[in-house]
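Residue-level structural notes
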Amino acid sequence: MYRTKTGGLINRKKVLNFSFNGKNLKGLEGDTLSSALLGNGIHLVGRSFKYHRPRGIFTSGSEEPSALVQLDEKKFTEPNIRATTVKLFDGLVANSQNHFGSLSWDFMRINDYLSNFLSAGFYYKTFMWPKAFWEKVYEPIIRNAAGLGKLSKEPDPSIYDKGFLHCDLLVIGAGPSGLYSALIAARTGAKVIIVDEDFTLGGSLNGEKLEINGGLCTDWLGTILSELTSFKNVRLMPKTTLYGSFDHGIYGALEIRNYNSRDNLKKPRHILWKIYSKFSVLCTGALERSILFENNDLPGIMLSKSMRHYCNRWGVIPGQHISIYTNNDDGWETAKDLKEAGCNVICIIDQRPDINPPIKNIDYVLGRKIAKAYGNLRISSIKLDNGKIIKTDCLAVSGGFNPNLHLTCHQRGRPKWDELNHCFIPNNPPKNMSVIGAANGIFNYQDIFKDSKIKLTKILQNLGHKKVSIEEVKISNRVYKVSPFPKNIPEGKVWVDLQNDVTVKDIKLAVHEGFHSVELLKRYTTLGMATDQGKNSNVLGLSILSVIKNKPMDEVGTTIFRPPFTPVPIGAFAGRSRGKHFKPFRLTPSHNWAKSNNAVFVEAGNWLRAQWFPLKGEKTWRESVDREVIQTRTNVGICDVTTLGKIDIKGKDAGAFLNFVYANNFGKLPIGKVRYGLMLRDDGIAFDDGTTARFSENHFVMTTTTANAVTVFRHLEFCKQCLNPDWDVHLISTTDHWAQFAVAGPKSRKLLQEICDPKIDISNDKFPFMACGEINVLKGIPARLFRISFSGELAYEIAIPRRYADFFIKEISEIGKKYNLVPYGTEALGVMRIEKGHAAGNELNGQTTANNLGLGKMVSKLNDCIGNTMSEREELNKENTLKLVGFIPTNKNQSLVAGSHFIEKGQTENLENDQGWMSSVAFSPMLKHSIGLGYIIRGNQRYGEKVHAVNPLRKEIIEVEIHSPHFYDPEGELLRG
Amino acid sequence: MIIQHPDLGPRDSSEFVYKGDAELLFRPKRTENTDQKIFHDYLYLRNNPAGKHCELWYHEYGDRSWLVVTRDTTNHEILKVEHVEDYIKSYKAK
């Protein structure tokens, strides 16, 4: 007999089947998992975190510390789900957590008997020695024992989404004050959003037997909700937890669409909302706290208001011999409602000696405390401080209420202590937030409605809304008086924090060891951590600290509450950004063509680039890459280089601007010419490089590296808008508008001559190395041609409007067949640039200077440009500075490894003897051996010298010869030919 | 955070890129005998007050304007948002 015959917000005709620990059970529509368990007489639902003590359902809300279960199975499983927040559904499968053996016989219970050795800070004290034991012995044991539930270790099959909402007034909490406030706002026409974590709106009204305006409070609730639903300017959001309050009226909320993760797999299960509000009202009510006595954690012990709500809302009879322990009037309300529902309430113990009992038809004890509870897997009796034993199988505890003020603290608001009601109340909530009702420390219902009306009228007036009429609410009067915290500390195993197994003794020990401040106490004992964030335990812990330190609560203070209010699944934060949608990706204009040519793609920033193009029969990537290099160097190759940043620069001061942003001179660049440019940061470190072409007096086209396309553009806008606001310079990024291809190799000119407008002469005389021009190709496609070479070959880069790119690449490949044209990918591009000794991202790593790169002489001495002054710093120009050079293995069969460090032969391989590092390596198909680029001290003066390239990761040492960085065609004859 | 763009109205801070102290606007000019120390101070000695701070924000996912945002670093209250040009003018007028 665990349910009443009538009453409650459950549908007794609709039975739902579920299972707990493999046992098939029945619940009712409207149940939470916890009410359904209690409706089956099940209190024991889990084992505690550290001592594996049996734990029961302690609350009926999201603050639940103990009833954490593993929901569902296999890939659908979710750990640490609070049974109090899950709406029961047919087929629900739940299992208890954190036990080795069965729930009722847990092997790890031994920890409880060892508790003297596992007190506060035991990690820091116990696992210190011997040092080598940490990784091999302690950590595996701790990892195995730690945590509560288990992950499936499979991808989450659910979909999560994100959304944005805007409103004039955000109402947080749909209890009496929240709904009343929302109604006042709604009638003015203001755009209102009401969020509440519960699946049924109404807050405490759902679980109380109050009279409003002469009728049932649930009737009044129904009227309000139907009026609110009728407004177009109101959005009611049940199942939505406001988890964080952020700057400027921005809030984060988690909406649960499906409690059953197997429902609607194609629709989002949770939605993470970002809500922008002009003003918000916090109507989150108050949370009950416990009372400290020995074994106060036994299953069957529950907060008083929660027990009342289980009875009133879900028709649960929580025990057969119920007793109540209170220090305030609320415990008596529980006694009254339980008795009315037909429960057997055997006794109420009130700590206060001098009260007039509000109900008489009940056994009561005044002015006494509970000393200890007894029981194994469930409470069986209690002993009072006068020695009296009372047999009971269920105990409701009410230690008073704490305003649920977390969200007022997310921006560093610190609550203050209220001496009247012995609780912390909001002190300095965020701007544009008002706290109403019990959340503000107002515990009388009649006053709550008054508070709502006064505050809302003012808020709405300030937001510019008209005044509207609102009817008064008459509600049954309830008195709330609570006794202060006791001045003595209870002895024995007294639990403060049920979730983290923190006892009164732990707090005493922590303070004894010097962890006086609340923040240190929290970290040392873990008080108030994990999924419940100490919603029940924090203030209890502070009360102990206050006694030990003999300081008032206000001086003890609280720890800082931070988002999230309740746990938010990582999946909800990720939303749709998973797998290949983890970040957006960009396709090059020749992507489809490359795909149809069997390209292997690589991620380069957000871009997908062709890495190489394997032919049939090629077994390794090296075969393909070597072929692409050799064929380019003997015939002609083509590569999509659209990903390079392209910036159009125009204006009367464009030349002066380039002189300023590049370290080398650009002002005198002739029209129709391209120049290599090196950009420094203002601290003298190399930032980026590329080429810039001059098409007319006031028109330049810059290219940047792929990696820095965005940051260079941002930097140029800074140099223009912030440092030279008077200059006539206009910048536009054209990276996506121009497709660009490198056409390289001895036959590149012949190939291009076939596609160029025949009137255009691109002979070596008319279009020499570093020339540029605007031309047209393939019968009228406008194009820009640059004679620049990254490969070291006779080479061009040709840019065409993106929309023609697919046509262009198909046409040129067809025409190129007679020249043996080969498409090459980023690997061959990399090999050829290493063969030529060109620096790239590996070399421009944010630590190296123009001097290191061997480009020191390029840096302008005369004019003012970004970075030149600081590049002249003494430290950056020392005699033994690093220089970029090439490396060849002495034994040509050996492969060099990037990241190896250089050590003088005969010296020990340690940091002291470190002379530099290998930045890039490749197998050169032209030289038929491995080559590398790297930085080594005075490298440019040490050609021919042999040093060790040390790779401690693989315990490998390779003897290398220092070489010029130019391995292939060092005189650069090919590219000028 | 929400930044009141002088031309575009309230914009979410995620549209912006942060740079730092607005003193970066006043970069020294290199002359024939520039003291490196001036550049050192410009680059490394930035203001980082607890309280009112003028700082540079770039509306990268918007109109690409560099703005000077006056923000209280202790509570993120934004007191003023200006175009760089306007800020420089009023700064020089002082």
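In what follows, the structure referred to is the one given above.
First, a word on what this report is: a plain description of the structure on this page. Predicted, not measured: the structure shown is a model, and the values here were computed from it.

What counts and how
- Residues numbered from 1 in each chain as written.
- Chains lettered and ligands numbered in written order.
- Predicted model: local features only at pLDDT ≥ 70, side-chain atom pairs only at ≥ 80, totals over all residues.
- Heavy atoms only, no water.
- Helix = DSSP H or I, 4+ residues; strand = E, 2+ residues; numbered from the N terminus.
- Contact = heavy atoms within 4.5 Å.
- Expected span 1.5 Å × (residues − 1).
- Buried < 20%, exposed > 50% of the residue type's maximum accessible area, 1.4 Å probe, protein only.
- Arc of directions from axis to C-beta.
- Polar contact = N/O pair within 3.5 Å; in protein donor to acceptor, adjacent residues only side chain to side chain.

By the secondary structure assignment, Gly792 of chain A is in the loop between strand E42 (781-786) and strand E43 (795-801). The residues contacting Gly792 of chain A, other than those within four sequence positions of it, are Lys836, Asp969, Leu974 and Leu975 of chain A.

Residue and element names in this part refer to chain A. Given a rise of 1.5 Å per residue, 12 residues ought to cover 16 Å, and the 16 Å separating the end C-alpha atoms of helix H20 (residues 805-816) matches this to within 8%. Of all the residues in H20, the buried ones are Ala805, Phe808, Ile809, Ile812, Ser813, Ile815 and Gly816. Seen along its axis, H20 keeps its buried residues to an arc of 165°; they face one direction.

All names here are of chain B. Among the secondary structure elements, His59 is positioned in the loop between strand E4 (52-58) and strand E5 (66-72). Taking relative accessible area as the criterion, His59 reaches 1% and is therefore assigned buried. One polar contact links His59 to Asp63, side chain to side chain, over a distance of 3.2 Å. Apart from the residues within four sequence positions on either side, His59 is in contact with His5, Leu8, Arg11, Glu15, Phe16, Arg64 and Ser65.

This paragraph deals with the environment of Lys13 of chain A. Inspection of the secondary structure puts Lys13 of chain A in strand E1 (residues 11-20). Measuring from C-alpha to C-alpha, the distance between Lys13 of chain A and Leu28 of chain A comes to 7.7 Å, with 15 residues separating the pair along the chain.

Residue and element names in this part refer to chain A. One can find Ala594 in helix H15 (residues 591-596). A sequence separation of 216 residues divides Ala594 from Lys810, and the C-alpha atoms of the two residues are 10.0 Å apart. Excluding residues that lie within four positions of it along the chain, Ala594 makes contacts with Ala599, Phe601, Ala610 and Phe613.

Now for unusual backbone geometry. All names here are of chain A. A cis amide bond, omega 0°, links Pro563 with the succeeding residue Pro564. Mapped onto the elements of the fold, Pro564 is located in the loop between helix H13 (553-556) and helix H14 (570-574). One non-glycine residue, Lys779, lies in the positive phi region at around 60°. Positionally, Lys779 belongs in the loop between strand E41 (772-777) and E42. The class for Lys779 is exposed, based on a relative accessible area of 88%.

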